Amino acid sequence: MARGRTVVVTLLVALVLPCIVASIRKYTVDDVYKFREEVREMFQHAYDSYLEHAYPYDELRPLSCDGVDTWGSYSLTLIDALDTLAVMGNFTEFRRVVQILTKKQNFDANINVSVFETNIRIVGGLLSAHLMSHRAGVELEPGWPCNGPLLRLAEDVARRLLPAFDTPTGMPYGTVNLRHGVPVGETTITCTAGIGTFILEFGTLSRLTGDPVYEEVAMNALLALRHYRSSIGLVGNHIDVATGKWTALDSGIGAGVDSYFEYLAKGAVLLQKPELMKMFEESREAIERHLKRDDWHLWVTMTKAQVTLPIFQSLDAYWPGVLSIVGDITSGMKSLHNYHQVWKQFGFTPEFYNIPQAEVGTNHEGYPLRPELAESVMYLSRATGDPYLLEVGVDILRSIQHSARTTCGYATIKDTRDHRLDNRMESFFLAETTKYLYLLFDPENFIHNRGQHGTVVKTHWGECVMETGAYVFNTEAHPLDAGALHCCSKTKDRPFILDLDSFRGETLQVHQKKQNMRRQIEKLNREKQLLELKLKQLTERSGAIAKLREKLTSLEKNNPIKLPFAMGDSAKKEPVPQSEVNVVKTEHLNVGVGQVVEVKWHGNAEGDTVWHTKSESKLDEENATKEKKDFDKKLIVSYQTEGKTSKTHKTDDVDETIQSDDRLETAFESIPHFDRDEDVRDKPSKSGDTIKNPSLVSESSGSGLQEVRAQPDVSGVSSLLDALDSLFSTEKKKGKKEKRAFDPQDLLTQIRYHPQYFVNSSWINAFECLSCDLQPFLQRLSMSGEFFSTS
C-alpha cells in the first residue's frame, strides 16, 4: 500500500508540474527590450503631461489636466523624476532641468512641510542627481562630487529639516516650517517610518560635505527607536517624540513602519555600518517570530503579539526586495508569490487586502500607482534571473497601461474592484514605478553594473572609483552611489594638499577662524552700541543734574532759609536740625564719577502742600509759578554726597569727559572684550520696575529711607563698559525671553556628550573623514549665512 501511494503521488506531481512550468511564458531578449521601450514611452507620456499641464506645481492632475501643490510647492515631480531621466539615458533633458534647478538659490519659504516626504523626495532626489551629473555630461564645479550646486541645494533643504530633531528623545517632529523651524503647537506624535528614514540621505550628505551633524542626528533617531522597542523586540506604529511613549501599539511591516526596516538594511550597506545590520537582524527575528503566518505578515500588538489586523497592505510588497538585499531569496520569493496572486485577482494590489476573506479592505480599495511590487520584482530578478519575475513585471505594465492611462498622464485607481479613476498622479510614479519597471526590462543598464568597470575620479584627497554599480536606492528609488562617499575622505597614505588654484574651498581651521572673527566683530559692535547708548543717557543725565544744581543754587541765594551744605567746592557747614518725620520725599541721584547725591524734601508741618518736581523736567512759566507758591510754604531741601569718592568734581569736567569722541574711541579700543550675556547687572530686579529717570537711583516718600539699589564703585573694573555700568543702574524690561536661534552644533553636542542611548563610536573615531582637522568646508551657498531663526 505504501508503494502504491507513492506511485499516486508521483503521478500527480508529474501531471501538475508541466502545467505550472507551461504557465510561465518564455521571453526573448527582443521581447524584454520591447517592454523596456514601452515603459520609456509610459514615462515620457506622464513626464510631458506634467510639464505641459502642471509645472511648476508639485503634481499633475491627469483627469482635469492641471496641476496642484501637495507637499511643499517646490515642483516636486520635476525633482523626483530627475534621476529617472538619467537612468533612461535622456541626458539632454537632465541637463536642462539641472539648469532650471540651479537657478534656485535656496528653499527659503514660509511653508510647513512633511519632514519625511521632503527628505526622501527632495533631499534624496537632489543628491542622486548630483552624483549622476558626471555621467549626464553636466559641467562640474571644482571639487565634485564634494562640491556642486545640487549638493548645495540638498544641504540647504536638509539644514531646514534639522530643527525637527531637537527633541528630548532625538526623534524628529513630523512637520517643519522651511523658514522658521518647528511650527508652534506642532504635535509630538510621529510615525515610526517618519523617524527612521533619514540615514541614507543624511549619511550621504555628511560623507560628501564633511559635516557630521546630518548622519549623527539620523543615527541617533534610529538608536532611539531601538531603545523604545517592546520587550519582545517589536516597534509600534506611532510614538510621542517628546516622551518616547507609544501612541499606536500595532506592529507590522507596512504603512507607518515600512521604510524604517528598509533603511536599517540599506544603511548598513551604503555606509558600511555593521551595527545597522545587527539592528535589522534583531528586528527581523522579532518579525518572523511574531508577525509571520504562512508567508504573510500580519499586524499584531507590539507587547503581546496578538493579531489585530489580518491584512496585507500594498506597502508590504517592499519586503521581498529587502530580503533579497540581505540574501534570503527563498523567503522573498514566497512572499512575492502571495502578493502577485492579489494583483492577478484585482489587476492591482489594493491598499488593504483582507487575507482570511480574500477581499478588498473597506475604505482602502484604491491603488495610487505604487511601486513596491515592481521594486521587489526588480531586486529578485537581478538576484535570480527567474523568468517568472518578468511575467510579474509584464502583468504590472499591462494593468497600468490598460486602466490608468489618460490623455494627460496616468491616474490613481480609486477602486481596484471596478478600476474607477481618481484625479491624481503622485510624483513617485515617475520616480519609482516607471524606474523599477524600466530597470527590470533593461538588464544592460549602468545601474546593473556588477563592478566590471567604473569611472576613476581624482579629488584633492586621492582617487576614488564611481559608477561601478554600487548603487543603493532610497525609499523613493533615488540611487546613491556608494563609491562617491569615499571621494571626500582622506586616505592614510596620501597627505592632504590644498591647491588653491583649482579648488575653491577653505580648510576647517580657516573657516573656524573666520567664524570666530565674525562673532568677535559682532560682539564688539554690540558693545559699542551699548556703550554709545549709555554715554548718551549719561550725558542727558548730567545735563539734568546740572539744571538741578542750578536750581538748588538759586534757591540757596534767594531763600532766607539756609541749606545744610554749600554748593560746589565751598566748605561744609553743620546741618540744620530737622526731624525725619517731616521728610516727605527722598531721592538718590547719580551725578557721575562715583557720586550719589541724596536729596531730601522737608515739608513744613503747618503747610498743606509740598513742592515736588522731577530732576529732568524743564521748568516752564506755569511750573515756575507753582514752584514759587509752594516755596512760600517753607520747604526745606537738604542734600549730601554718598559713595566712594575723595574729592568733588565740577560739572564742567564731567561734561568735557563725556562729550569727548576722541577719548571714547581710544577707550573703546582698549576694552578687554568678553561675552556679557550672563552679566548679573543685566538681570531685572525683583521689583521689575523700570527706572524712567536714568539719573534716579532710588526714591522714597514719607519718613524713612529706601535702600540705594546701586552704589557706584569704579575700583577694580575690567573694562570701560563696566565703569559705565557702575555709574548708573538699568533694568531689563519684563517680557518673554527671546528664543535662541536654532544651532545644529548645539544639537550635535547634545548627541555626543549627553547621550540617551548607546553610541558606538564618534564620527572622528569611526571615519577618516575630513570633518576633523583638514576638512575643507567648501564654500557652499548654504554655509554662507547663519542658521535661520526659530523665534
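The protein has the name alpha-1,2-Mannosidase in an unreviewed UniProt entry, where Megalurothrips usitatus is given as its organism. Annotation of the protein in UniProt includes, under Sequence similarities (unreviewed entry), the sentence "Belongs to the glycosyl hydrolase 47 family."

**A word on the environment of aspartate 418**
Along the chain, the position of aspartate 418 falls in the loop between β18 (412–415) and β19 (420–422). Residue classification places aspartate 418 among the partly exposed residues on the basis of a relative accessible area of 45%. The spatial distance from the C-alpha of aspartate 418 to the C-alpha of serine 403 is 9.8 Å, given a sequence separation of 15 residues. In this structure the side chain of aspartate 418 is engaged in a polar contact, spanning 3.0 Å, whose partner is the side chain of arginine 420.

**Observations concerning helix α15 (residues 387–403)**
With 17 residues, α15 extends 25 Å between its outermost C-alpha atoms, agreeing within 8% with the 24 Å of an ideal straight helix rising 1.5 Å per residue. Counting buried positions along α15 yields 13 of 17 residues, so the element is predominantly enclosed. The residue sitting at the N-terminus of α15 and contributing the capping side-chain oxygen is aspartate 386; that oxygen lies 2.9 Å from the backbone nitrogen of tyrosine 388.

**Remarks on the UniProt feature "active site" (unreviewed entry) in the protein**
As annotated by UniProt and renumbered to match this structure, "active site" (unreviewed entry) occupies Glu117, Asp258, Glu351 and Glu372. The residue aspartate 258 is located in helix α10 (residues 258–271) in this model. The contacts of aspartate 258, once residues within four sequence positions are left out, are Ala193, Ile253, Leu315 and Tyr318. What makes glutamate 351 buried here is its relative accessible area of 19%. Among residues more than four places away in sequence, those in contact with glutamate 351 are Phe312, Gln313, Ser314, His364, Gly366, Pro368 and Arg370.

**Topic: the side chain of serine 314**
Examined against the element boundaries, serine 314 turns out to sit in the loop between β13 (311–313) and α12 (319–325). Using a relative accessible area of 3% as the deciding quantity, one classes serine 314 as buried. Side chain to side chain, serine 314 and threonine 349 meet in a polar contact 3.2 Å long. Non-local contacts of serine 314, meaning those with residues more than four positions away in its chain, are made with Thr349, Pro350, Glu351, Tyr367, Arg370 and Glu372.

**Some points on the pattern of salt bridges**
This structure, assessed with the given rule, holds 35 salt bridges. Across the pair aspartate 295 and lysine 292 runs a salt bridge, and its minimum N-O distance is 3.8 Å. For lysine 292, a relative accessible area of 25% gives the class partly exposed. A salt bridge links glutamate 426 to arginine 424, with the nearest nitrogen and oxygen atoms 3.6 Å apart. Since its relative accessible area comes to 28%, arginine 424 is described here as partly exposed.

**Considering the nonpolar core**
Counting 165 residues, the largest nonpolar core has Phe94, Leu126 and Phe261 as the members making the most contacts within it. Setting aside residues up to four positions removed in sequence, leucine 126 forms contacts with Ile79, Leu101, Phe107, Leu150, Leu153, Ala154 and Val157.

**Structural notes on helix α11 (residues 274–290)**
The end-to-end C-alpha distance of α11 is 25 Å, a good match for the 24 Å that 17 residues give at a rise of 1.5 Å each. All of the buried residues in α11 are Glu275, Leu276, Met279, Phe280, Ser283, Arg284, Ala286, Ile287 and His290.

**Remarks on the sheet that holds β13**
Spatial strand order, β13-β14-β15: three strands in an open sheet with antiparallel pairing. This sheet does not close on itself; its edge strands, each paired only once, are β13 and β15 (359–360). Pairing of strand β14 (residues 352–354) with β15 involves two bridges; the strand directions are antiparallel. Across the sheet, residue tyrosine 353 finds its bridge partner in β15, namely valine 360. Here helix α13 (residues 329–346) sits on the sheet in contact with β13, β14 and β15, set at roughly 95° to β14.

How each quantity is defined
- Residues numbered from 1 in each chain as written.
- Predicted model: local features only at pLDDT ≥ 70, side-chain atom pairs only at ≥ 80, totals over all residues.
- Heavy atoms only, no water.
- UniProt positions renumbered as here; feature names shortened; annotations may be inferred.
- Helix = DSSP H or I, 4+ residues; strand = E, 2+ residues; numbered from the N terminus.
- Buried < 20%, exposed > 50% of the residue type's maximum accessible area, 1.4 Å probe, protein only.
- Polar contact = N/O pair within 3.5 Å; in protein donor to acceptor, adjacent residues only side chain to side chain.
- Expected span 1.5 Å × (residues − 1).
- Contact = heavy atoms within 4.5 Å.
- Salt bridge = Lys/Arg side-chain N within 4 Å of Asp/Glu carboxyl O.
- Core = buried A, V, L, I, M, F, W, Y, C linked by side-chain atoms within 4.5 Å.
- Pairing = 2+ DSSP bridges.
- Axes fitted to C-alpha atoms, helices over the stretch in contact; angles between N-to-C directions.

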